[in-house]
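Chain and residue survey
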Amino acid sequence: MTQAIARIAITPGEPAGIGPDLVLALSKTASDHEFVIIADPTLLETRAQMLGVAVNIVTVSADAPPRIPAAGTLHVLPVSLAAGAAAGRLDRNNARYVLDTLDVAIDGCQTGHFDALVTGPVHKGIINDAGVAFSGHTEYLAERTNTPRVVMMLATDGLRVALATTHIPLREVADAINRTLLREVITITAHDLKTKFGIAQPRILVCGLNPHAGEGGHLGCEEIDTIEPLLSAMRQEGYDLIGPLPADTLFTPKHLNNADTVLAMYHDQGLPVLKYQGFGRAVNITLGLPIIRTSVDHGTALDLAGTGKADQGSLLTAIDYAQTMIHARREADQ
Ligand SMILES: NC(=O)C1=CN([C@@H]2O[C@H](COP(=O)(O)OP(=O)(O)OC[C@H]3O[C@@H](n4cnc5c(N)ncnc54)[C@H](O)[C@@H]3O)[C@@H](O)[C@H]2O)C=CC1
Ligand SMILES: NCC(=O)COP(=O)(O)O
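On a predicted model such as this, the values are computed, not experimentally measured, just so you know. Counting starts from 1 at the beginning of each chain's written sequence and moves along it residue by residue. Whichever chain is written first becomes A and whichever ligand is written first becomes 1, with later ones labelled in order. Only residues with pLDDT of 70 or above have their local features reported here, since the model is predicted, and side-chain atom pairs are shown and tallied only from 80 upward, although totals for entire chains, interfaces and linings are computed over all residues. To obtain the side-chain values, all non-hydrogen atoms of the structure were included, while hydrogens and water were left out.

Time to look at the site of ligand 2. Whether a residue is near a molecule or strand is decided by its heavy atoms; if any one of them lies within 4 Å of it, the residue is near. The immediate surroundings of ligand 2 are formed by Lys124, Gly136, His137, Thr138, Met152, His167, His267, Leu271, Asn284 and Arg293. N or O atoms closer than or at 3.5 Å make up a polar contact, with two conditions inside protein: a donor-capable atom paired with an acceptor-capable one, and, for residues adjacent in sequence, both atoms drawn from side chains. For ligand 2, an oxygen atom lies 2.7 Å from a polar atom in the side chain of histidine 167. One of the side-chain N or O atoms of arginine 293 is found 2.9 Å from an oxygen atom in ligand 2. About the coverage of ligand 2: the protein hides 88% of its 310 Å² of free accessible area. Put plainly, a pocket is an open set of points on a 1 Å grid over the protein atoms alone with protein on both sides within 12 Å along at least five of seven lines, a cavity is a set where a 1.4 Å probe fits but cannot get out, and a lining residue has an atom within 4 Å of a point. Assignment to a cavity or pocket requires that more than half of a molecule's atoms be within 2 Å of the site's grid points. With respect to the detected pockets, ligand 2 is housed in the largest pocket. Using the Shrake-Rupley algorithm and a 1.4 Å probe, accessible areas are obtained, with residue cover drawn only from the displayed protein chains.

Have a look at this one:
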């Protein structure tokens, strides 16, 4: 049976970064689906000239029926920049533009005009400098979709890492780790590994928070007071949970080969390992959302914008995962 064409919204993110370069290259990528780039067409045309890329930009509306673009063509849903965007040079006047592109994409996913959202990298700092408190897409999407808890998970070949906390200062991490948070994060992670990845009984390897998982309470008590009791209770409910294990030994083949995902307690406990394993071939997925959202594994790479040196691998991986998740959802809906 032929599948209906999916419409995938793509936000290139920060206009001074490599996002525009990466989406331009999609005009050369054959797909069974329609990519709708939510961006300022002038930005894309200017960057295409800079890169020497020949591209035909066709503007589309959010509610247009799905249609696969002709070769060399990009379908663009126009959102206007506030100021001109120079490659590599941040301008806080364009922070609102970045959020506008996200808002259009989120609305389109919620109304069913888009089947998924794939995001390019935003510069969190410049959005805050513009006066908007913004810690990341993950938190923004949760807020905009009224989802009380979501989970950031990055995946690459052979490794998935979900995070208990996301973009908070390290100083605040220990206070944020409590049984309610961990229960919600584990529940969402296990649920989405089943429904989005087809893993019947996901096994989750849980990191401790402290060095050596607290060394029996001598290097910190969060494992004894919080993590172990919660894991015990959830095991009784049927969850397959290993840990808490010291993060340094957990990230070894002996443990990883027998698990479906790692749950790290904080951003830089888990993501450096994931990026060492698969930077450029990894995807960032927001679990627990009512919409499908995947993203690149890298940032704005201002140093590479407009040079033609940006690697498109992670964007293609993010699109691939979004397509797989669209298929899984359609099958579940049948
Ligand atoms: N999904 C998102 O929106 C993300 C946004 N960021 C934001 O990006 C900004 C810059 O962060 P950085 O830590 O400098 O990380 P970065 O990923 O932008 O750059 C780190 C290094 O990787 C290189 N690099 C990144 N992407 C590449 C690609 N596609 N091809 C080839 N080389 C690539 C860069 O040239 C640089 O040397 C920050 O404001 C951060 O918040 C960071 C990660 C994810
Ligand atoms: N390191 C991944 C990252 O920070 C991406 O965050 P988000 O913008 O997807 O929330």
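What follows picks up the thread again.
Close contacts around ligand 1 come from 17 residues, with Val122, Gly299, Ala301, Asp303 and Asp311 the closest. Its free accessible area being 820 Å², ligand 1 has 64% of it covered by the protein chains. Here the nonpolar group is Ala, Val, Leu, Ile, Met, Phe, Trp, Tyr, Cys and Pro; Asp, Glu, Lys and Arg are the charged ones; every other residue, Gly included, is treated as polar. When the residues that make up the shell around ligand 1 are grouped by side-chain class, the tally is 8 nonpolar, 6 polar and 3 charged.

This chain's UniProt record puts "binding site: substrate" (unreviewed entry) on His137, Thr138, Lys275, Asn284 and Arg293. Set against the largest pocket, the annotated residues named above that line it are His137, Thr138, Lys275, Asn284 and Arg293. Classification of histidine 137 as buried rests on a relative accessible area of 6%. Sequence-distant contacts of histidine 137, defined by excluding residues within four places in its chain, comprise Leu102, Thr119, Gly120, Val122 and Arg293. Only DSSP runs of H or I with at least four residues qualify as helices, and only runs of E with at least two residues qualify as strands; both kinds are numbered from the N terminus onward. Looking at where lysine 275 falls in the secondary structure, it is placed in helix H11 (residues 267-278). UniProt positions are given in the numbering used here, feature names are shortened, and annotations may be inferred rather than shown by experiment. When a residue's accessible area, from a 1.4 Å probe over protein chains only, is under 20% of the maximum for its type it is buried; when over 50% it is exposed; and in between it is partly exposed. For this analysis, residues touch if any pair of their heavy atoms sits within 4.5 Å.

This part covers unusual backbone geometry. A cis geometry characterises the amide bond from glycine 243 onward to proline 244, with omega recorded as 0°. Looking at where proline 244 falls in the secondary structure, it is placed in strand E9 (residues 240-245). At asparagine 146, a residue that is not glycine, the phi angle is positive and equals roughly 55°. Locating asparagine 146 in the fold gives a position in the loop between helix H5 (137-144) and strand E6 (151-156). Despite not being glycine, histidine 212 has its phi angle at roughly 55°, a positive value. Mapped onto the elements of the fold, histidine 212 is located in the loop between strand E8 (203-207) and helix H8 (222-236).

What follows deals with the nonpolar core. If you look at soluble globular proteins, the nonpolar side chains tend to sit buried side by side. Counting residues in hydrophobic clusters, the biggest one holds 84 residues, and the most contacted among them are Ile10, Leu26, Ile37, Leu263 and Met265. It is helix H3 (residues 95-110) that provides the largest number of residues to this core, a total of 8 residues. Buried residues of nine kinds, namely Ala, Val, Leu, Ile, Met, Phe, Trp, Tyr and Cys, make up a nonpolar core once their side-chain atoms join them within 4.5 Å. Of all hydrophobic cores here, the second largest spans 17 residues; its members include Val161, Leu163, Leu271 and Leu274.

Grid points are joined across faces, edges and corners, and a volume is the space filled by probe spheres set on the points. Its volume calculated, the largest pocket comes out at about 350 Å³. Along the wall of the largest pocket there are 19 residues; nearest its centre are Lys124, His167, Lys275, Asn284 and His298. Breaking the lining of the largest pocket down by element, the ones donating at least two residues are H5, E6, H11 and strand E12 (293-296). Taken together, 18 residues make up the lining of the second largest pocket; nearest its centre are Glu139, Arg149, Ala164, Thr165 and Thr166.

By the criterion of burial, E8 is predominantly enclosed, with 4 of the 5 residues buried. Strand direction decides the pairing type here: E8 and E9, joined by 4 bridges, are parallel. Across the sheet, arginine 203 pairs through a bridge with aspartate 240, a residue of E9. Paired strands are those between which DSSP finds at least two bridges. Looking at chain direction, E8 and strand E10 (residues 261-264) are connected through 3 bridges and run parallel.

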